[in-house]
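# Close look at the chain arrangement
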Amino acid sequence: MSNLEKYDKLFLSSFRVKPEDLPTLTYRGIPAWDSVGHMEFMSEMEETFKISLSTLDVLDFSSYEKGKEILAKYGVTL
Amino acid sequence: MDYDTLLTKEPFSLSRAEKRTVFSDGLTELTRYHREHCPPYAALLDRLGVPDGPLAPEDVPFLPVSVFKDLELKSVPDGQVFKTITSSGTTGQRVSRIFLDAGTSANQQKTLFRITSALVGNDRLPMLVIDSKKVLRDRAMFSARGAGILGFSIFGSPMRYALNNDMELDLEAVEAFLEQYRGRKILLFGFTFMIWRHFCQALREKGITLDFGDSVLIHGGGWKKLVNEAVSPEEFNQTLREVAGIRQVADYYGMAEQTGCIYLECPQGHLHASAYSDVLFRRPADHGLCTVGEPGVIQVLSLLPRSYPGHSLLTEDMGVLLGEDDCPCGWKGKYFSITGRIPKAEVRGCSDTYGG
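Time to look at the overall build of chain A. What chain A contains, in helices and strands, is four helices and zero strands. N-terminal to C-terminal, the α/β element order of chain A is α-α-α-α. For chain A, buried positions account for 46% of its 78 residues. Restricting to contacts in chain A with at least 6 residues of sequence separation, those with at least 24 account for 48%. For chain A, the accessible area works out to roughly 3900 Å², and carbon and sulfur atoms hold 51% of it.

The subject of this paragraph is the overall build of chain B. Helix and strand counts for chain B come out as 10 helices and 15 strands. Expected size for 356 residues packed as a compact globule is a radius of gyration near 21 Å; at 20 Å, chain B falls within 12% of this value. Projected onto the principal axes, the alpha-carbon positions of chain B cover approximately 60 × 45 × 40 Å. Within the structure as shown, chain B displays about 14500 Å² of accessible surface, and the carbon and sulfur contribution to it stands at 50%. With 39 positive and 44 negative side-chain charges, chain B shows a separation of 2 Å between the mean positions of the two kinds.

The subject of this paragraph is the packing of helix 2 (residues 16–37) of chain B against helix 3 (residues 39–48) of chain B. All names here are of chain B. Interhelical geometry of helix 2 versus helix 3 gives an angle of 115° and a closest axis separation of 6 Å. Touching Thr31, His34, Arg35 and His37 of helix 2 are Pro39, Tyr41, Ala42, Leu45 and Asp46, all from helix 3. Taken together, the residues of the contact of helix 2 with helix 3 break down into four nonpolar, three polar and two charged.

On to the packing of aromatic side chains. Within the structure shown, the criterion is met by 27 aromatic pairs over all chains. Taking the centre distance of 5.8 Å and the plane angle of 75° together, the rings of Phe189 of chain B and Phe191 of chain B count as edge-to-face. The pair Phe189 of chain B / Phe191 of chain B is uniform in exposure class, with both members buried. By the ring-pair criterion, three or more aromatic residues cluster together here, those being Tyr7, Phe11, Phe15, Tyr27, Trp33, Phe41, Phe61 and Tyr64 of chain A. The side chain of Lys19 of chain B reaches across the aromatic face of Phe23 of chain B, ending 5.3 Å from its centre. The cationic tip of Lys74 of chain B hangs over the ring face of Phe99 of chain B; the distance from NZ or CZ to the ring centre is 4.7 Å.

What follows concerns the interface of chain B and chain A. Facing 18 residues of chain B, the contacting portion of chain A comprises 19 residues. Summing both partners gives a buried area of about 1600 Å² for chain B against chain A, and 57% of it is carried by carbon and sulfur. Linking Asp34 of chain A and Lys83 of chain B is a salt bridge whose minimum nitrogen-to-oxygen distance equals 2.8 Å. At the junction of chain B and chain A, the tally comes to eight residue pairs in polar contact (both at pLDDT 80 or more). Looking at the side of chain B that touches chain A, the element that brings in the most residues is helix 5 (residues 102–120) of chain B, giving six residues. Here the side of chain B that touches chain A is composed, by residue class, of eight nonpolar, five polar and five charged.

Across soluble globular proteins, you tend to see nonpolar side chains buried next to one another. Phe11 and Phe61 of chain A together with Phe199 and Phe212 of chain B are the most contacted members of the largest nonpolar core, which has 103 residues in total. Top element by residues in this core is helix 8 (residues 192–206) of chain B. It accounts for eight residues. Summarising the domain contributions, this core has at least three residues from each of domain 1 (1–100 + 268–342) and domain 2 (114–253) of chain B.

What follows covers the pattern of salt bridges. Residues and elements named next belong to chain B. One pass over the full model with this rule turns up 24 salt bridges over all chains. Arg341 serves as the salt-bridge partner of Asp317, at 2.6 Å between the closest nitrogen and oxygen. Here Arg341 lies in strand 15 (residues 334–341) and Asp317 lies in strand 14 (residues 312–324), a separation of 24 residues in the sequence. Connected through salt bridges with shared partners, the residues Glu72, Lys74, Asp78 and Arg97 form a single ionic network.

Each value, and the rule that gives it
- Residues numbered from 1 in each chain as written.
- Chains lettered and ligands numbered in written order.
- Predicted model: local features only at pLDDT ≥ 70, side-chain atom pairs only at ≥ 80, totals over all residues.
- Heavy atoms only, no water.
- Helix = DSSP H or I, 4+ residues; strand = E, 2+ residues; numbered from the N terminus.
- Buried < 20%, exposed > 50% of the residue type's maximum accessible area, 1.4 Å probe, protein only.
- Contact = heavy atoms within 4.5 Å.
- Areas by Shrake-Rupley, 256 points an atom, 1.4 Å probe, with all protein chains shown as cover.
- Rg over C-alpha atoms; globule rule 2.2 N^0.38 Å.
- Lys, Arg positive; Asp, Glu negative; His and termini not counted.
- Charge placed at Lys NZ, Arg CZ, Asp CG, Glu CD.
- Axes fitted to C-alpha atoms, helices over the stretch in contact; angles between N-to-C directions.
- Nonpolar A, V, L, I, M, F, W, Y, C, P; charged D, E, K, R; others polar.
- Phe/Tyr/Trp six-rings, centres within 6.5 Å; stacked < 30°, edge-to-face > 60°.
- Lys NZ or Arg CZ within 6 Å of the ring centre and 35° of its normal.
- Buried area = accessible area lost by both parts, 1.4 Å probe.
- Salt bridge = Lys/Arg side-chain N within 4 Å of Asp/Glu carboxyl O.
- Polar contact = N/O pair within 3.5 Å; in protein donor to acceptor, adjacent residues only side chain to side chain.
- Core = buried A, V, L, I, M, F, W, Y, C linked by side-chain atoms within 4.5 Å.
- Domains from an automatic or database assignment.

Printed below as a string of structure tokens:
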């Protein structure tokens, strides 16, 4: 599975959204992606890509697209 | 200065003159904003005869925190309410409701991060919450305790809980956590009373001593429930060191009505106002301003709340201003201590009404 496939799969399973929802998905934009959902989601993200996100990057991880930029900083290319 | 710009300032960097300018402008703008967007708030201000013009921080009208029990105060349309925080409710007691939209909720998290990073740093740490996971059960309607845990969860990676669903110390889980993260800096978080009752006392009763090594414990929720047990802050800190080897302990003062804007205890043992919020102390009799060293009712001012008119609130706590900009710890801003509750306040605290 490619990194992008893994990344998408995390969103789809965490927030129960459809692939076509991904480009516009934002933190606090849907009830499932609230702060509880966010913290669980971040843990799974770290586990999947074997990285350790800083607190600021956890707060900045505000959308599907923004998350790609943040992962790039940790050497995860999608 | 808009709030995002203010957040780029270091949390304890603004001196008195600079802060006064920022807060006069910011509070004037927020008062006007809420007057335009929250009809019950506008009605209150009209009744008080508050003019629509520039306000000095001490002249900004303040609402008693209990107003959130009586009125539904929100400055956003219902459809934009993303989360409702409730404060201190059980059967028979009225509940405060604080309405958050996505923007205010995000700023609460960022503000808490900015303030707390002064002690914790920028990296997430293995974190042990001295509470039970069950307080986070209903995610649409959090208790103040749940909201506190959730707020601080941004610092934890991973986050584990020290108490089981029956609020008993889960020693097996705690020891496994310690074993796994030995040698790393550890963050512990919880509510003062819960830590004392279910961690300190529980360890003592079992006759067990732990060593958390390089560790910082942050706690809040107040001392009210510990007054009967005559536990002083010194004894609390000392006990944590003795039973768990916890090296640094910091109290914080905060409330659900201004989540995010906490007042953190510095290494000198003083609570500090950050650049993002401020405190005033008022005489109970006439609400006049107290002088340094004179205990009074605490008023909290914050430039954060935009989805509800909570930028200027009179709390039910008493405190005393110790000084401004000159604490030996080096942090700028006012520093103070809490002296108790206002007389005859309805019994409530930030740790819900858990009595056990």
